[in-house]
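# Fold and contact review
Now for the letters of each chain:
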Amino acid sequence: MFLFTVTKPGLRQAGALALCAVCLVGTVTAAVHLAGKSVTANAAVETGIETTQDIATYFTGYGFDVDLSTAAVDKVKIPKKWDDSFTAFNQVVGESGLSLADYKGKTVEKWTALCPKLSDGESDTYCVLLVYKAKAVGAYLLAKPSGEVTGLVTAAKASADAAALEDPAAETSAGLEEESLYPTE
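Residues numbered from 1 in each chain as written. Predicted model: local features only at pLDDT ≥ 70, side-chain atom pairs only at ≥ 80, totals over all residues. Heavy atoms only, no water.

### With respect to unusual backbone geometry
Which entries qualify depends on this criterion: Here a strand is any run of E in DSSP of at least two residues, a helix any run of H or I of at least four, and the numbering for each starts at the N terminus. Any residue under 20% of the maximum accessible area for its type is buried, any over 50% is exposed, and the rest in between are partly exposed; the area is computed with a 1.4 Å probe on protein chains only.
Note that the residue after Lys144, namely Pro145, is joined by a cis bond; omega there is 15 degrees. Take Pro145: it is sitting in the loop between strand 4 (135–144) and strand 5 (149–150). Even without glycine at this site, Lys133 takes up a positive phi of about 50 degrees. Non-glycine residue Ala134 carries a positive phi angle of around 65 degrees. Following the sequence through the fold, Ala134 ends up in the loop between strand 3 (124–132) and strand 4. Given the relative accessible area of 26%, Ala134 is considered partly exposed.

Given below as structure tokens:
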């Protein structure tokens, strides 16, 4: 039989040693659990798409204003098997930095809202955002009644080019302002 005597200083040392052991085990467990799951320091915080205001904010980022009074939402299913036309459609969606490839066979929300700036009396253009579990997975512009689909980047560039053609004086005056910043001899 063994006899073990513990004094107060010895008890404190044993408690500190046990606490250090628990911390070490917790650190090792966390390191093993998180191994391979790195997060970049400058990763953008993505907010969820849950309201029509979120839709408006999304499209405003591309330079399109939407009429929220025309906003509508439907459920659509992304096909499991893609033909050439759907593959081309996914390329148009890809202009916004999104892809539908990971959502084959899934049902998504299709949010639509009128884009008054791109609409005229003959045809209307709608901003369309596909959302899966409050995450934007696809975005494009849809012209009605023609059904033409346009990528956001292409449409934004065309809109900027059209604005430059309508007001060439703004471009010229901006150029003069830049030139006037430099001293002339």
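### Observations regarding the nonpolar core
As a reminder of what qualifies: What makes a nonpolar core is a set of buried Ala, Val, Leu, Ile, Met, Phe, Trp, Tyr and Cys residues whose side-chain atoms join them at distances within 4.5 Å.
Membership of the largest hydrophobic core comes to 18 residues, with the highest contact counts inside it found for Tyr58, Phe59, Phe64, Cys127, Leu129 and Leu152. Breaking this core down by element, the ones donating at least two residues are helix 2 (52–60), strand 2 (107–114), strand 3, strand 4 and helix 4 (152–166). In terms of residues, this core owes the most to one element, helix 2, which gives four residues. If you look at the next biggest cluster of nonpolar residues, it comprises twelve residues, including Ile78, Phe86, Phe89 and Val128.

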